[in-house]
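Remarks on the overall topology
Residues per chain, in single letters:
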2 protein chains.
Amino acid sequence: MRKITSTNFENEKFLEYDCPFITTLRFIGKRWKPAVLWKINQGYIRFKLLKQVLPLISDKMLSATIREMETDGIIQKEVFDEVPLRVEYKLTEFGKELLPILKEMNEWGMKTIEKITSHNKV
Amino acid sequence: MRKITSTNFENEKFLEYDCPFITTLRFIGKRWKPAVLWKINQGYIRFKLLKQVLPLISDKMLSATIREMETDGIIQKEVFDEVPLRVEYKLTEFGKELLPILKEMNEWGMKTIEKITSHNKV
DNA sequence: TCTCATACTTACTAAATTGTTAGTAGATTA
DNA sequence: TAATCTACTAACAATTTAGTAAGTATGAGA
């Protein structure tokens, strides 16, 4: 959790209203956020499904990532009173506005992975 | 500096060849990177100019940000043997490929800042 | 000789992020 | 009774990132 007394925090607070990039990274700049968002958008809308398609994420990180994105208004949680418990997530309208960025990130990332791995194949 | 012996590092190393988003964040996921890149592209190609348009960045962070992006092959440095020393930076072709992402990030960020600040004006 | 300029680096500190391991609730199944 | 299921949380440890303050090299000009 962040401390609200720190130059770091103050800096971000200020920059958030000044620099669009810092604002954007505030929402998607952590390791797992873009991937989780993308996967939810693709239909992996439950905790377990997300763990399956992102096998390296830990329970804690997935849970924290989801919670933060919920707080940020990017995703919505729906709890079904069933047994065993069913919980589903979906993008909010605000969250959907992030998709163009994610699309570009995804494409660039894939291209770059190809470059890197084909170099290694020499 | 990163330690090359850490789960964190290993995780990223692996994910870098697996998850496009993590790859992308590897290159632009730090606070000042997108802004510096964007500003260089806009013509603020010297240390001093960058400090002027990003007044809150410290010398250290600007220097570190530039150095990393150089190592990553995103920008190129040119040193002119003049007095006082002149150094200029420009995007490489690889770096230019990041511009579509930056463009989307910038637009989303600006829209979001507007939303946030107009709420506050109530 | 002292100060100024540019483009940095160094040493140190503080804070944020990520990861590991184990455990929880409530109901169901073996 | 014990194990299984989903969707988590808690306690703790390690690593990474960001920030502050001061200093460096080179040469020019007063």
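Structure: see above.
Computed from a predicted model, the values in this text were never measured in an experiment.

**Some points on the packing of helix H2 (residues 20-28) of chain A against helix H3 (residues 33-41) of chain A**
All names here are of chain A. Running from N to C, H2 and H3 point in directions that differ by 65°, and their axes come no closer than 8 Å. The pairing of H2 with H3 is recorded here as roughly perpendicular in orientation. Across from Arg-26, Phe-27 and Ile-28 in H2, the residues of H3 making contact are Lys-33, Pro-34 and Leu-37. Residue composition of the contact of H2 with H3, by class: four nonpolar, no polar and two charged.

**Overview of the interface of chain B and chain A**
On the side of chain A, 44 residues touch chain B, which itself brings 44 residues to the contact. Of the roughly 4000 Å² buried between chain B and chain A, counting both surfaces, carbon and sulfur atoms make up 73%. Where chain B packs against chain A, one counts two salt bridges. Here A:Glu97 ties to B:Lys115 by a salt bridge, and the two come within 3.2 Å at their closest N and O atoms. At the boundary of chain B and chain A, one finds six residue pairs in polar contact (both at pLDDT 80 or more). Elements supplying a minimum of two residues to the side of chain B that touches chain A: helix H1 (7-16), helix H2 (20-28), helix H3 (33-41) and helix H7 (99-120) of chain B.

Calculation criteria
- In every chain, residue numbers begin from 1 and rise along the written sequence.
- Naming scheme: in the order in which they are written, chains are lettered from A and ligands are numbered from 1.
- In keeping with the model being predicted, local features are shown solely for residues with a pLDDT of at least 70 and side-chain atom pairs are shown and tallied solely at 80 or more, while totals for entire chains, interfaces and linings include all residues.
- Hydrogens and water are ignored here; the side-chain numbers use all heavy atoms of the structure.
- An axis is simply a line fitted to the C-alpha atoms; with a helix, the fit covers only the stretch in contact. Between two such axes, the angle follows the N-to-C directions and lies from 0 to 180 degrees.
- Secondary structure elements are defined from DSSP: runs of H or I of at least 4 residues count as helices, runs of E of at least 2 residues count as strands, and each element is numbered from the N terminus.
- What sets the label is the angle itself: under 35 degrees gives roughly parallel, over 145 gives roughly antiparallel, 65 to 115 gives roughly perpendicular, and the rest give oblique.
- Residue contacts are defined here by distance: any two heavy atoms, one from each residue, within 4.5 Å place the two residues in contact.
- Any residue that is not Ala, Val, Leu, Ile, Met, Phe, Trp, Tyr, Cys, Pro, Asp, Glu, Lys or Arg is counted as polar, Gly included; the first ten are nonpolar and the last four charged.
- Accessible area, probed at 1.4 Å, shrinks when two parts are joined; the buried area is that loss added up over both.
- Here, a salt bridge means any Lys or Arg side-chain nitrogen found within 4 Å of an Asp or Glu carboxyl oxygen.
- Polar contacts here mean pairs of N or O atoms no more than 3.5 Å apart (in protein, one a potential hydrogen donor and the other a potential acceptor; neighbouring residues in sequence count only if both atoms are side-chain atoms).

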